[in-house]
Structures are given as structure tokens and as C-alpha cells.
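Inside the fold
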2 protein chains.
Amino acid sequence: MKGRVIETPVFMPVGTNATVKAMTVEEIKSIGYQLILGNTYHLHLRPGDEIIKRLGGLHSFMNWDRCILTDSGGFQIFSLARLNKVLEEGVHFQNHLDGTKELLTPEIAIHIQENLGSDIMMVLDECLPIPTKRDIVQKSIELTNRWAQRCFQARRSENNLFAIVQGADFVDLRIQSAQMLMETDFDGFAIGGLSVGESKDVMSEIVSHIAPMLPPNKPRYLMGVGDPVDLVENIGLGIDMFDCVMPTRNARNGLLFTFQGKISIKQARYKEDPLPIDENCQCEVCQNYSRAYLRHLFVANEILASRLNTMHNLWFLKELMAKARIAIVNGEYQKFKKAFLDVYQGSESG
Amino acid sequence: MKGRVIETPVFMPVGTNATVKAMTVEEIKSIGYQLILGNTYHLHLRPGDEIIKRLGGLHSFMNWDRCILTDSGGFQIFSLARLNKVLEEGVHFQNHLDGTKELLTPEIAIHIQENLGSDIMMVLDECLPIPTKRDIVQKSIELTNRWAQRCFQARRSENNLFAIVQGADFVDLRIQSAQMLMETDFDGFAIGGLSVGESKDVMSEIVSHIAPMLPPNKPRYLMGVGDPVDLVENIGLGIDMFDCVMPTRNARNGLLFTFQGKISIKQARYKEDPLPIDENCQCEVCQNYSRAYLRHLFVANEILASRLNTMHNLWFLKELMAKARIAIVNGEYQKFKKAFLDVYQGSESG
């Protein structure tokens with residue numbers, strides 16, 4: 001999508017299987033999203049990137065005419081697939097759908113992403129759990145760097161390519177990883193391997209060291225983060241881009257964001273509540289439906305519950321990003337952040 | 001909804017739990033539907049008709065500003081609830097959600113429907129399986145008639161009230177049932193207790209006897225019918241109104257209507273098929289998505305599959321009703337019917 005502008009900070013809804021779960025692309029557009037994420041691993045397995053290519057690429061396949069970022073598939077291999085084995089050439093694994101043995105190399109990861117026709121491709125990286133022993137992490141960031149170079153060389157398209165900083169919870173290894181990767185002219189830089197169960201302090205410490213050293217003229221992307229508090233904290237540390245399945249998954253589980261905190265719509269207290277989720281929200285759901293109706297749909301296990309709840313949570317995150325942007329432009333981000341966190345965390349009702 | 005015109009023949013999408021499954025009311029409106037069906041039994045149990053009343057009635061609760069027909073709850077008691085016992089006063093049953101013992105009388109059925117605020121209420125009737133012994137059916141149609149009179153007397157609103165002709169597969173008892181009910185000034189007449197597993201010949205024989213004897217100036221409603229072939233056949237026999245969960249349930253199971261017959265979108269033959277479900281269809285789904293994409297969504301068990309498939313099937317039925325209406329107005333219904341059935345049945349690919 002040449003020439004398309006993505007305003008930052010930006011949250012990217014995740015469209016794992018060529019659909020943001022429960023939503024149409026028209027709805028995603030109507031909320032105002034310009035950029036969504038597609039999962040290379042899932043799309044490679046089903047329906048297959050070659051099929052998607054023959055059908056005109058992922059944009060055409062899912063009828064989305066705005067931008068798509070694809071991950072490399074690495075994260076899913078390390079979290080979903082069985083018996084993965086990391087070698088210099090790449091990672092061998094058995095896929096989680098039918099156990100077929102497969103190999104993902106940096107070159108294959110780029111080839112798949114070019115078949116999909118994504119606008120922003122990610123390098124293949126090794127994701128380690130936290131904690132992992134230092135010497136293993138040291139070797140891993142070197143491998144991740146060599147894989148990143150191979151991805152850079154393998155690119156045949158004009159699609160953007162982002163590198164991924166790794167290094168588990170070792171700040172100095174994170175810095176080393178970033179320095180190695182910055183020697184190459186990647187189009188953006190991500191911080192990967194966080195939001196995997198570590199403490200908030202660890203994430204905060206790493207991001208506060210790494211974000212400022214990344215090139216100021218290129219996007220900085222913190223992978224796997226979508227909690228409102230984390231978003232606001234990390235925007236404050238210099239992050240431009242985020243993705244996470246949590247906001248849409250939460251929605252399907254009845255957990256809804258409001259600027260006054262999260263609410264669980266299934267609670268009995270909402271049984272006869274005629275108010276919308278959030279009285280100040282301008283989204284289609286809050287304009288048209290009561291908490292009582294949304295609770296009823298959730299309790300009755302209706303598909304419409306997933307739809308309306310997802311619509312609301314994605315609207316909320318769009319609004320949150322828009323407010324953050326205005327605060328940044330006005331030079332009032334710290335004030336905005338404090339005001340948001342005070343109200344959001346103050347009355348969180350779980 | 002005073003003054004609202006419903007063009008007939010009309011198919012009513014079923015909104016069991018105050019939602020047509022997988023759809024928003026905006027989508028139902030955008031297709032062109034003026035009238036949907038709500039289930040008294042389900043809504044009485046969950047969230048409860050008293051709650052719906054306090055929240056402004058069913059229209060307000062589900063944000064639907066067009067017409068609603070509600071059934072009486074009888075059919076669900078006879079098909080879903082446990083241990084139902086029919087007495088003169090009404091029917092005792094244990095609800096299927098938590099086994100609570102309840103009583104539904106004609107007066108309660110009307111009271112619930114008035115709480116919901118439906119535009120067209122149905123009388124409480126006894127639904128018998130086919131076959132049932134003649135003497136039992138004879139007694140049953142007399143009870144159904146007495147219950148219908150009690151419903152008529154119990155009405156406190158200006159909502160329409162339709163009676164229901166019963167009589168299992170005995171044509172003479174069906175005629176007797178219709179004659180008894182027609183002595184009262186109901187706003188419309190339904191034929192109930194069909195589409196319960198009997199042969200097509202039985203349905204056809206009964207409808208061809210009963211429909212012509214019902215008042216020509218009042219709607220004739222064949223309950224539980226939604227198969228395209230049955231719709232076209234029964235419109236030909238004089239039926240104006242239909243409802244059925246099948247078209248929306250089929251959609252969720254990947255069975256899609258086209259004017260060339262049904263297709264099962266999960267079939268491997270559609271894996272790389274770039275065509276829409278039906279090349280001549282003007283619905284949003286056929287304008288934007290390929291069979292390959294719809295198959296992928298179905299196989300990946302995505303909510304969007306249910307949404308898009310339901311949207312298409314409801315569009316198809318709206319189109320079918322519109323074409324039937326034009327044929328009736330032009331005095332060409334038999335020609336239309338033959339042409340439709342020839343193509344639809346000729347190439348049915350299951």
C-alpha cells in the first residue's frame with residue numbers, strides 16, 4: 001500500500017486466520033483502523049500462502065484494502081508447534097494442525113510473507129522464554145541477527161522489513177542485539193520476546209533502555225502488547241506500534257474496556273442495567289445497546305455477543321491511541337498518561 | 001408498529017434469543033426485512049419477559065424498530081421442555097435450562113407476549129406429533145380452539161393476534177379446526193404442527209385444503225417452513241408468511257442457497273475457487289468474497305463464516321420472496337414456480 005500513512009501510536013488488531021475474529025473488514029475500517037496484523041504461521045498452514053498468492057494475495061483474499069503487517073511465523077512455532085528444533089539454517093517443527101514436519105528458514109519466512117503480499121514483513125527470530133540462561137541468550141541474539149541479515153538479503157519485493165530485538169531479560173544483551181541489527185537498514189525495529197509472562201518491571205526496564213536507542217526516524221514496535229495500561233506506559237517510553245490478541249479475545253470472554261476501567265459484562269449486576277457499556281463512548285455498540293442486552297447475549301452464548309464486544313474493545317483502543325497522539329502533539333503526554341491511569345486503574349471493577 | 005406495511009409473501013428470520021443468530025439488526029434491515037420472529041419460550045426463561053418489559057419491550061431491548069411476531073411458547077414446550085403435561089388450564093412443564101417447574105396457560109402466553117410488546121402474537125396451541133391417533137387429535141383441536149378463545153379474551157393490547165389451525169395429518173380435522181377458529185375475529189391464521197417430519201405430500205395436501213378456506217383478507221402463515229422448495233410450493237397454495245431456523249442454521253453449517261441449488265461451502269472443490277457463492281447475487285458477501293475465502297473461514301471455524309453465510313442465505317430468501325411477489329402481481333406465479341424449481345432442483349449439488 002504505497003503512500004498510505006499510518007498515524008502513530010497505533011494498535012494493530014490481529015487477524016490470525018485472514019479475519020479479525022468476529023469482525024468484517026468494513027467494520028474494522030469504520031472504526032478507523034489502517035493497519036492489521038496477519039499470522040504467517042497460521043496462513044501458511046491454512047489455507048496456504050501459495051493458494052493466497054494465486055488468489056491475488058492476502059489483501060484481495062480477505063477484501064482488506066489498507067495495510068497488513070505479517071509476523072514471521074517464529075513466535076507461533078515456539079509457542080504452538082511441537083518438537084521444534086533450532087539449527088543454523090532455521091527451525092524444524094511439526095505443525096499443530098496435523099503434525100506434518102516442516103522447516104522454516106529466514107528465506108522461507110520472507111518468501112511466505114511475499115506470497116501473502118504484506119506491507120510490513122518481520123524477520124524470523126528466535127523467541128526464548130524468560131528466564132533463560134545468559135550464555136544461551138547470548139548465542140540466540142547472534143543467531144537472530146544472522147537470520148535477520150538473511151531475511152534482508154532474501155527480500156525480493158519493495159515491502160517493508162522490520163528487525164526484532166531479542167535478549168530475554170538481560171538489558172545488556174538487548175542493547176547488544178539492537179546495536180547489531182541497527183547496522184542494517186531495516187525499515188523499522190521491533191522489540192520481541194516480551195509480554196511472555198515476565199513482570200511489568202522487566203518489560204518497562206527493557207523498553208526504557210531499548211526504545212530510545214532505536215533510530216528516531218523509523219517505527220518502534222513492541223510485539224504482543226495490548227493491555228491499555230501497558231499501551232499507555234510504553235507509548236510514554238517511545239513505542240509507536242503494538243499488537244495483541246488480548247483485546248479481541250477478552251471481548252469474546254465478556255471483558256470490556258472503558259476509560260473508567262474494565263468491566264465483566266457477564267456479572268449479574270448488569271442484568272437490568274439500561275446504560276451502555278460506557279456512557280461517554282461514541283461506538284456503535286454504546287450508541288445502540290444496553291449492558292442488560294449485552295449481558296443477555298453473552299449468557300445466551302450468542303455470536304452477536306462476540307461481535308458487539310469486539311467492536312467496542314477495538315473502538316476503545318482506537319480512541320485511546322487517538323487521545324495519546326493528541327497528547328503527544330500537544331506536548332502533554334505525561335499529564336495525559338497520569339490522568340488516564342488514575343481513572344482507569346482507580347475504579348477497575350474487574 | 002402501527003401503520004407498517006409488510007409485503008407478502010414474507011419469510012421471517014428467527015431471532016430466538018432477541019438476536020437473529022450472527023446478525024445485527026442493522027444487517028437484517030439492510031437486507032430489507034420488515035418482520036422477524038421472537039421466541040416467547042426462550043425470552044420468558046432468559047432474560048425474562050418482565051425484565052424485557054422494564055427495559056422498554058423487545059423492540060427497544062434488541063434495538064429493532066420494525067415488526068416482531070412472537071410465537072406462544074407452545075411449540076418449544078412440546079419439543080424442548082421436559083415432562084410436559086397438558087390440562088384444560090394449560091401446560092405444565094419443566095424448563096430445559098434448569099428444570100424449574102412452570103405453567104403456561106393461554107392467559108400467561110398472552111401476558112408474556114404483551115410484556116415483550118410483539119406486533120403479532122400467536123395463540124397457545126397444542127402441538128401433536130404426526131402420526132397421532134384420531135381420537136386424541138379430535139380432542140386436541142377442541143382444546144386448541146378453547147385456548148385460542150381464552151387468548152382472544154385475555155388480550156389487553158392492540159397487538160395483532162393470530163390463531164393456529166391444528167389437526168395433525170387428518171384433513172377433515174384440520175378443516176374442522178379452521179372452521180372453529182374462523183368463528184372468532186382473529187387478525188390472521190396460521191397452520192401449525194407441520195414441518196415436523198411428515199412427508200411433503202402430507203404438508204401439501206393439508207395446505208391445499210386449508211389455505212383456500214381461510215379469510216382472503218387476512219394473512220395466512222405456515223409455521224416452521226423455510227426450505228426454498230417448500231416456500232415456492234406453499235406460496236403457490238396461498239400462504240403469505242413463513243418462518244424457520246433452517247436457513248440461518250444451514251448457513252452456520254456451511255450450506256448456502258443459490259438459484260442454481262444448494263452448495264456446501266466446506267467442500268474441497270472450493271479451496272481455490274475465486275468466484276462468489278452465486279455470480280448473479282447482489283448481496284454484500286457475493287460482491288466482496290470468494291468461495292475460497294468462505295471455505296477457508298468455515299474450515300478455520302471463524303465467526304465470520306457464520307456471519308457471511310447467514311447474510312447470504314437471508315439475502316437469498318429475501319430475493320426469492322421478492323421474485324415470487326412480482327410473479328404473483330404479474331399473474332405469472334405458476335410459470336415462475338416451474339422455472340425456479342427446474343433450475344434449483346435440477347442442479348442441486350448438496
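Just above, that's the structure.
These notes cover the structure that comes with them. (Residues numbered from 1 in each chain as written. Chains lettered and ligands numbered in written order. Predicted model: local features only at pLDDT ≥ 70, side-chain atom pairs only at ≥ 80, totals over all residues. Heavy atoms only, no water.)

Take helix H15 (residues 333-346) of chain A next. All names here are of chain A. Under the 1.5 Å per step criterion, the end-to-end length of H15 is 19 Å for 14 residues, consistent within 8% with the ideal 20 Å. Buried within H15 are the following residues: Tyr-333, Phe-336, Lys-337, Phe-340, Leu-341 and Tyr-344. Taken end-on, H15 shows its buried residues confined to a sector of 120°, consistent with a single buried face. Away from its buried face by more than 90 degrees, H15 exposes Gln-334, Lys-335, Lys-338 and Gly-346. (Helix = DSSP H or I, 4+ residues; strand = E, 2+ residues; numbered from the N terminus. Expected span 1.5 Å × (residues − 1). Buried < 20%, exposed > 50% of the residue type's maximum accessible area, 1.4 Å probe, protein only. Arc of directions from axis to C-beta.)

Attention now moves to unusual backbone geometry. In this structure, the amide linkage connecting Ile-130 of chain A to the following residue, Pro-131 of chain A, adopts the cis form with an omega of 5°. One can find Pro-131 of chain A in the loop between strand E8 (120-122) and helix H7 (134-154). Residue Ala-18 of chain B is not a glycine yet carries a positive backbone phi of 65°. Even without being glycine, Asn-63 of chain B reaches a positive phi, approximately 65°. Considering the arrangement of structural elements, one finds Asn-63 of chain B in the loop between helix H4 (58-62) and strand E4 (67-70). A relative accessible area of 22% places Asn-63 of chain B in the partly exposed class.

Among the nonpolar cores identified, the biggest contains 240 residues, and Tyr-221 and Leu-320 of chain A together with Tyr-221 and Leu-320 of chain B are the most heavily contacted of them. For this core, the element with the most residues is helix H14 (residues 303-329) of chain A, which contributes 13 residues. When neighbours within four sequence positions are excluded, Leu-320 of chain B is seen to be in contact with Pro-228, Leu-231, Val-232, Phe-259, Phe-336 and Phe-340 of chain B. (Core = buried A, V, L, I, M, F, W, Y, C linked by side-chain atoms within 4.5 Å. Contact = heavy atoms within 4.5 Å.)

Residues and elements named next belong to chain A. Pairing is parallel across the open sheet formed by nine strands, whose spatial order is E1-E12-E11-E10-E9-E8-E4-E3-E2. What marks the edges here is a single partner per strand, and that holds for strand E1 (10-12) and strand E2 (14-15). Bridge count for strand E10 (residues 188-191) against strand E11 (residues 220-222) is three bridges, and the pairing is parallel. Among the inter-strand pairings, Phe-189 is bridged to a residue of E11, identified as Arg-220. Against the sheet, helix H6 (residues 106-116) touches strand E4 (67-70), E8 and strand E9 (160-165), its axis set at about 160° to E8. (Pairing = 2+ DSSP bridges. Axes fitted to C-alpha atoms, helices over the stretch in contact; angles between N-to-C directions.)

Moving on, we get to the packing of helix H14 (residues 303-329) of chain B against helix H15 (residues 333-346) of chain B. Working note: a packed helix pair is described by the angle between its axes plus the distance between those axes. Residue and element names in this part refer to chain B. Contact geometry for H14 and H15: axes closest at 8 Å, N-to-C directions at 145°. Packed against H14, whose contacting residues are Phe-316, Leu-320, Lys-323, Ala-324, Ala-327 and Ile-328, the element H15 presents Tyr-333, Phe-336, Phe-340 and Tyr-344 at the interface. Residues that form the contact of H14 with H15 fall into these classes: nine nonpolar, no polar and one charged. (Nonpolar A, V, L, I, M, F, W, Y, C, P; charged D, E, K, R; others polar.)

As a further point, take the interface of chain B and chain A. Listed as interface residues are 38 residues of chain B and, on the opposing side, 38 residues of chain A. For the pairing of chain B and chain A, the buried interface totals around 3,200 Å² over both sides, and the portion due to carbon and sulfur atoms is 56%. The largest per-residue losses of area from chain B upon contact with chain A belong to His-296, Ile-303 and Arg-307 of chain B, which jointly make up 17% of the total buried on that side. At the junction of chain B and chain A, the tally comes to six salt bridges. Linking Glu-27 of chain A and Arg-307 of chain B is a salt bridge whose minimum nitrogen-to-oxygen distance equals 2.7 Å. Linking chain B to chain A there are 16 residue pairs in polar contact (both at pLDDT 80 or more). Within the residue set of the side of chain B that touches chain A, elements represented by two or more residues are helix H1 (25-31), helix H3 (49-54), H4, helix H13 (291-299) and H14 of chain B. Among the residues forming the side of chain B that touches chain A, the class breakdown is 20 nonpolar, seven polar and 11 charged. (Buried area = accessible area lost by both parts, 1.4 Å probe. Salt bridge = Lys/Arg side-chain N within 4 Å of Asp/Glu carboxyl O. Polar contact = N/O pair within 3.5 Å; in protein donor to acceptor, adjacent residues only side chain to side chain.)

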